[in-house]
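A structural walkthrough
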Amino acid sequence: MKHALVTGASSGIGREFALQLARRGYRVTAVARREPLLRELLSALPGEGHDYLAADLADPAGVAAVAARMQDARCHLLINNAGYSVLQPFYQSGLALQQDILAVNCGALLTLSHHFLGQAQPGDALVNLSSIVADLPTPAQPVYSASKAFIASFSECLWQEQRDRGVYVMGLCPGVTETGFIQTATGGESAGESLPAALTQTPAEVVSEALAALEKRHKPIVVTGWANRLMVALMPRVLSRFRLLRTLAVIGDPERAL
Ligand SMILES: NC(=O)c1ccc[n+]([C@@H]2O[C@H](COP(=O)([O-])OP(=O)(O)OC[C@H]3O[C@@H](n4cnc5c(N)ncnc54)[C@H](OP(=O)(O)O)[C@@H]3O)[C@@H](O)[C@H]2O)c1
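Reading guide: rules and limits
Residues numbered from 1 in each chain as written. Predicted model: local features only at pLDDT ≥ 70, side-chain atom pairs only at ≥ 80, totals over all residues. Heavy atoms only, no water. Helix = DSSP H or I, 4+ residues; strand = E, 2+ residues; numbered from the N terminus. Rg over C-alpha atoms; globule rule 2.2 N^0.38 Å. Buried < 20%, exposed > 50% of the residue type's maximum accessible area, 1.4 Å probe, protein only. Contact = heavy atoms within 4.5 Å. Areas by Shrake-Rupley, 256 points an atom, 1.4 Å probe, with all protein chains shown as cover. Lys, Arg positive; Asp, Glu negative; His and termini not counted. Charge placed at Lys NZ, Arg CZ, Asp CG, Glu CD. Pairing = 2+ DSSP bridges. Axes fitted to C-alpha atoms, helices over the stretch in contact; angles between N-to-C directions. Near = heavy atom within 4 Å. Polar contact = N/O pair within 3.5 Å; in protein donor to acceptor, adjacent residues only side chain to side chain. Nonpolar A, V, L, I, M, F, W, Y, C, P; charged D, E, K, R; others polar. Parallel < 35°, antiparallel > 145°, perpendicular 65-115°, else oblique. Left-handed = near helix turned anticlockwise from the far one by under 90°. Salt bridge = Lys/Arg side-chain N within 4 Å of Asp/Glu carboxyl O. Right-handed = clockwise from strand over helix to strand, strands pointing away.

In this section: the overall build of the protein chain. Looking only at helices and strands, the protein chain has 9 helices and 7 strands in total. Taken against the 2.2 N^0.38 rule, which gives 18 Å for 258 residues, the C-alpha radius of gyration of the protein chain at 18 Å falls within 12% of a compact globule. Dimensions along the principal axes, computed over C-alpha positions, put the protein chain at roughly 50 × 40 × 30 Å. Considering the protein chain as a whole, with its 258 residues, one finds that 48% of them fall into the buried category. For the protein chain, restricting intrachain contacts to residue pairs at least 6 apart in sequence, the fraction spanning at least 24 positions comes to 67%. As displayed, the protein chain offers around 12,300 Å² of accessible surface, 56% of which is attributable to carbon and sulfur atoms. Charged side chains of the protein chain number 22 positive and 22 negative; the gap between the two group centres comes to 6 Å.

Turning to the sheet that holds strand 1 (residues 3–7), a few remarks are in order. Judged by pairing direction, the sheet is parallel, and its 7 strands sit side by side in the order 3-2-1-4-5-6-7 without closing on themselves. With one partner strand each, in any of the chains shown, strand 3 (51–54) and strand 7 (221–223) form the two edges of the open sheet. The mean angle between the axes of side-by-side strands here comes to 15 degrees, regardless of whether they run parallel or antiparallel. The pairing of strand 6 (residues 168–173) with strand 7 spans 3 bridges and is classified as parallel. Paired with leucine 172 across the two strands is valine 222, which belongs to strand 7. The strands touched by helix 1 (residues 12–23) within the sheet are strand 1, strand 2 (27–32), strand 4 (77–80), strand 5 (125–129) and strand 6, with strand 1 carrying the most contacts at an inclination of about 165 degrees.

To continue, consider the site of the ligand. Around the ligand sit 29 residues in total, of which Ser10, Arg33, Asn81, Tyr144 and Thr179 are the nearest. Within the backbone of glycine 8, a nitrogen or oxygen atom sits 3.0 Å from an oxygen atom of the ligand. Taking asparagine 81, its main chain carries an N or O atom lying 2.7 Å from an oxygen atom of the ligand. Against a free-state accessible area of 870 Å², the protein chains account for coverage of 96% of the ligand. Of all elements in the fold, only helix 1 and helix 5 (142–163) reach the threshold of two or more residues within the shell around the ligand. In terms of residue class, the shell around the ligand is made up of 13 nonpolar, 12 polar and 4 charged.

This part is about the packing of helix 1 against helix 2 (residues 35–44). Between helix 1 and helix 2, the least distance of the axes is 10 Å, while the angle of their chain directions is 25 degrees. Put simply, helix 1 runs roughly parallel to helix 2. Once helix 1 is placed against helix 2, the crossing between them reads as right-handed. Contacts between helix 1 and helix 2 involve Arg15, Ala18 and Leu19 from the former and Glu40, Leu41 and Ala44 from the latter. Counted by class, the contact of helix 1 with helix 2 contains 4 nonpolar, no polar and 2 charged residues.

Tallied over the entire structure, the rule returns 7 salt bridges. Linking glutamate 209 and arginine 229 is a salt bridge whose minimum nitrogen-to-oxygen distance equals 3.2 Å. Highlighted residues: glutamate 209 in helix 7 (residues 203–216) and arginine 229 in helix 8 (residues 226–238), separated in sequence by 20 residues. Arginine 229 gets classed as partly exposed once you look at its relative accessible area, which sits at 38%. Put simply, Arg27, Asp51 and Arg69 are held in one network by salt bridges that share partners.

Take the pairing of strand 2 next. Burial of strand 2 is extensive: 6 of the 6 residues sit out of reach of the surface. Pairing between strand 1 and strand 2: 5 bridges, direction parallel. Its bridge partner lying in strand 2, leucine 5 is registered against threonine 29. Remark: the strand 1/helix 1/strand 2 crossover connection has right-handed handedness. Note: strand 2 against strand 3, 4 bridges, orientation parallel. For alanine 30, the partnering residue across the bridge sits in strand 3 and is tyrosine 52. The parallel pair strand 2 and strand 3, bridged by helix 2, forms a crossover whose chirality is right-handed.

We now examine the side chain of lysine 148. With respect to the element layout, lysine 148 can be found in helix 5. There is no salt bridge for the buried lysine 148, and the closest opposite charge comes from aspartate 100, which lies 13 Å off by N-O distance. In contact with lysine 148, other than residues within four places in its own chain, are Asn105, Leu129, Ser130, Ser131, Val133 and Ala134.

Here is the structure:
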């Protein structure tokens with residue numbers, strides 16, 4: 001039985017990955033901080049042998065515990081999904097908070113990718129959660145945008161590096177997805193209700209597209225949703241960098257509701 005480890009599995013896209021992978025016969029290890037949600041997830045997963053690990057991925061000890069879990073039970077698929085943002089002016093927010101975002105989004109992802117690829121065998125796969133903000137940076141969340149650009153570039157390079165080993169690496173780039181992400185980013189002030197429905201996907205849609213791409217094992221970067229693919233393809237071409245940044249600055253502007 002194949003074993004998948006999913007970080008950030010307590011909610012949103014990670015929870016959906018755990019559910020869809022279990023339906024496809026994977027044994028799942030679910031990682032996040034909120035243990036009650038992980039326990040609830042485990043009871044909802046079809047199949048047997050699933051487990052969870054409560055770990056804080058901003059803490060090196062938490063990351064080490066996850067790496068040790070991969071060492072103990074060979075992992076065929078790693079979904080580096082845990083991540084978050086805050087919509088606050090960079091210079092007014094706490095430096096520790098911005099460093100924490102970088103630690104979870106990039107630091108933990110880098111360490112776990114290194115452990116995973118060190119033991120990976122042909123046929124195995126690594127999926128790293130980037131975002132369309134890798135191509136369309138949103139000025140209201142500079143550290144988050146930069147972290148997702150790092151993940152996309154890192155994943156593309158690893159895709160090429162790992163091809164000859166038969167290990168597939170994907171940088172997954174969703175756009176706006178109906179999860180707790182915006183609530184976390186706005187400190188509970190918005191859930192993104194006013195965002196246009198055409199631009200919004202459900203976690204089930206994102207994960208179904210990701211798993212279809214995982215079967216094909218072609219592309220280093222997978223952008224989910226036709227509207228997102230259109231925006232990523234067109235906006236950097238038709239807008240100057242100046243206009244692009246001015247346009248994207250609307251997202252998270254306190255004067256306009258999300
Ligand atoms: N929603 C979107 O619009 C969107 C778009 C593009 C990309 N993404 C990316 O998709 C990924 C999943 O986000 P989501 O949308 O599903 O949001 P979400 O529902 O808020 O899920 C975030 C997950 O990350 C976990 N996490 C956060 N900080 C952690 C830490 N210090 N240690 C361990 N786990 C931590 C959370 O678990 P605990 O709180 O229980 O620890 C939670 O399970 C993120 O990387 C995000 O950047 C989201």
